[in-house]
Amino acid sequence: MRRELLRMDHVSLIQNGETLLDNLNFQMFAGEIMGLLTGRNKGYDQLISLVRQNLPISFGTVWYDGRVVNSYAYSDGSANKVCVIEQVSHLVEGLSVVDNLFVLRKGFKKYFINERVLREQAESFLSEMGIGVNVRKRVPALTNLERCLVELGKGLLSGCRLIIVDNPGNFLSHQELVRFQEMLRTVREGGISVLYVANHHQELFRTVDRTTLFYDGRVLKVFERDEMTDEKMAPYITDWFVPRAETEGEWEEGVLHFHSVYTKFLQGLRFVLHRGECLTILDMDNRIAGDILALMTGVCKCRQGRITLEHREYTFAQAEHYLESGIAIIPKNCAETLLFKERSYMENLTFLLDRKLGKSVIPSRIYKSIRNEYGPEAGAAIDEPMVGGLPLEEQIALIYHRVRLFKPRVLICVQPLAKGDMFVRMRILALLRGILKTGTAVLIITANVSDTLDISDRLMVVEGGACVVSYEKNEFDQVDW
């Protein structure tokens, strides 16, 4: 009989009159990997917080490891033995692996530290767990995978019985993700439970024992092992489906060429991107995005090879003024870097117009025309005086509206679906379709293809800085990650 580790029984959380968790029922067993797929992120942060710490709730009861730890009647604020592994590191940067494992551990009380003994203990523990990390390394020298493994080891050493993994596909390369998933299966065999959060159900179905579909603060369904198929998921994502563009693929003219380009992480990368085409580059090592952006924005030059834009040399001088050359870039954390949070929606939307029109003063009739065009899509958000108060999905949508208004030759997106819930991702795909229909060429660089294949015309798999295989749209059914 399976032993229950965590149970939330009819839990509701109401804050400032808003119901964030609505009669939530959630259960995990010892030694299982439970997937969590969010339809909308409302209530998600509160759910994770309540798993980690016994904060006040409005209704219901929470059990952890066989005892009641929280209820509507009493919450003591105590922390549960839960470890969270996410994109942000929880290690102390200036210290070594040994120091992070032992010296900073709660309950460590030694005044005199024998470094040799601690190093031997750390090596023995990590070896026993199958974690191959040099314990003398300092945190800044760790790879993303090594950092995750050290945090996992630290959590286990601290007695954590539940590990929360938040979207590892967004910051680990494909090979790293596969190795990390293997490690999660290993620790599961020791009775440790894993709550695996991901943006795409297919990633979860390949990894977990069960999957919970979380939407607007409620659990819509729990998919058991035999139910984890695309067919079983389809009825729950119909509302988020993005229809294909009728004119998709009608553009033929090549616009951006990489001719055997070499940089620090690019090793002879070659590709051509056509107008109105979406090319997705799957970076197996999760390293090349920075080099491509640096080349396109004038931060660095090719060591070998060259780049052409519409069959003309893309010079360093052009790259320094990439916007004027018709290149738009949406980085991974676009809402944090591309918006003026204290300015209005319209000010943010029209930010690039002066460069597009070559005018420092934009006539009022143009502003009025833009407002009329984007008002139906933006809704009430278009009247927002400060965009920092908008929901994440509206902030991201604003950035894509700005790009469509700018009408660039090429749009480069880095992991566009890394942020937000399933609803946000589907909206981004719809916005990208609108940009593609204008003839803009779209280059997506990602470490996890997820839903990007839905809008892509081609897929390139890059490993070691060079293309190892390429797929046309009619070959996507052969792709199995």
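Scroll up to find the structure.
Basis of the calculations
Residues numbered from 1 in each chain as written. Predicted model: local features only at pLDDT ≥ 70, side-chain atom pairs only at ≥ 80, totals over all residues. Heavy atoms only, no water. Helix = DSSP H or I, 4+ residues; strand = E, 2+ residues; numbered from the N terminus. Buried < 20%, exposed > 50% of the residue type's maximum accessible area, 1.4 Å probe, protein only. Salt bridge = Lys/Arg side-chain N within 4 Å of Asp/Glu carboxyl O. Disulfide = S-S within 2.5 Å. Pairing = 2+ DSSP bridges. Axes fitted to C-alpha atoms, helices over the stretch in contact; angles between N-to-C directions. Contact = heavy atoms within 4.5 Å. Core = buried A, V, L, I, M, F, W, Y, C linked by side-chain atoms within 4.5 Å.

Student: What is the right way to read unusual backbone geometry from this model?
Tutor: In most cases, non-glycine residues show a negative phi, while peptide bonds are predominantly trans. Backbone geometry places D65, a non-glycine residue, at a positive phi of 55°. With respect to the element layout, D65 can be found in the loop between β4 (59-64) and β5 (67-71). The class of D65 is partly exposed, set by a relative accessible area of 38%. One non-glycine residue, S260, lies in positive phi territory at about 45°.

Student: Would you mind showing me how to read the pattern of salt bridges here?
Tutor: Charged atoms that come close allow side chains of opposite charge to pair. Applying the stated criterion across every chain yields a total of 17 salt bridges. Across the pair R210 and E224 runs a salt bridge, and its minimum N-O distance is 3.8 Å. With R210 in strand β9 (residues 210-215) and E224 in the loop between β10 (218-223) and α7 (230-237), the pair connects residues that are 14 residues apart, well separated along the chain. For R210, a relative accessible area of 7% corresponds to the buried category. Ionic pairing is found between E313 and R306, a salt bridge with its closest N-O pair at 3.5 Å. Residue class for E313 comes out partly exposed when judged on its relative accessible area of 42%.

Student: Looking at this structure, how should I read the state of the cysteines?
Tutor: Structurally, a disulfide amounts to a covalent bond that connects the sulfur atoms of two cysteines. Throughout the structure, instances matching the rule amount to 0 disulfides. Note on C334: no disulfide assigned, nearest cysteine sulfur contributed by C413 at a separation of 8.5 Å. What makes C334 buried here is its relative accessible area of 6%. Here C413 is not disulfide-linked; the sulfur of C278 is the nearest cysteine sulfur, at 7.9 Å. With relative accessibility at 0%, the residue C413 sits in the buried group.

Student: Could you clarify how one ought to interpret the pairing of β10 in this entry?
Tutor: Two faces belong to every sheet, and in a regular strand the side chains alternate between them. Here 5 bridges tie β9 to β10, and the two strands are oriented antiparallel to one another. If you follow L213 over to β10, its bridge partner there is K221. Counted between consecutive antiparallel strands, the loop separating β9 from β10 contains 2 residues, among which D216 sits at a positive phi close to 50°.

Student: Can you walk me through the pairing of β5 in this structure?
Tutor: Bridge count between β4 and β5: 4 bridges; the pairing is antiparallel. Directly across from Y64, in β5, lies its bridge partner R67. Between β4 and β5, which follow one another and run antiparallel, lie 2 residues, and D65 among them has a positive phi close to 55°.

Student: Sorry, what's going on with the sheet that holds strand β13 (residues 278-283) here?
Tutor: Sheets are built from strands paired through backbone hydrogen bonds, the pairs being either parallel or antiparallel. The sheet built from 6 strands is open, its strands ordered β16-β17-β18-β13-β19-β20 with mixed pairing. The open sheet is flanked by β16 (327-330) and β20 (466-472), the only strands paired with a single partner. Sheet twist, expressed as the average angle between the axes of neighbouring strands with direction ignored, equals 20°. Note that strand β19 (residues 458-463) and β20 share 6 bridges and pair antiparallel. Its bridge partner being in β20, V461 is matched across the sheet by V469. Contacts from helix α14 (residues 392-406) reach β16 and β17 (410-414) within the one sheet, and its direction differs from that of β16 by about 175°.

Student: I tried to follow the nonpolar core on my own but got confused; where do I start?
Tutor: One recurring pattern in soluble globular proteins: nonpolar side chains tend to sit buried together. I163, F180, Y196, Y345, Y400, L411 and L432 are the most contacted members of the largest nonpolar core, which has 85 residues in total. Broken down by element, this core gets its largest block of residues, 9 residues, from helix α15 (residues 422-437). In this structure, V255, F258, A289 and L295 belong to the second largest nonpolar core, which totals 30 residues.

Purely geometric stuff here, so don't read any function into it on its own.
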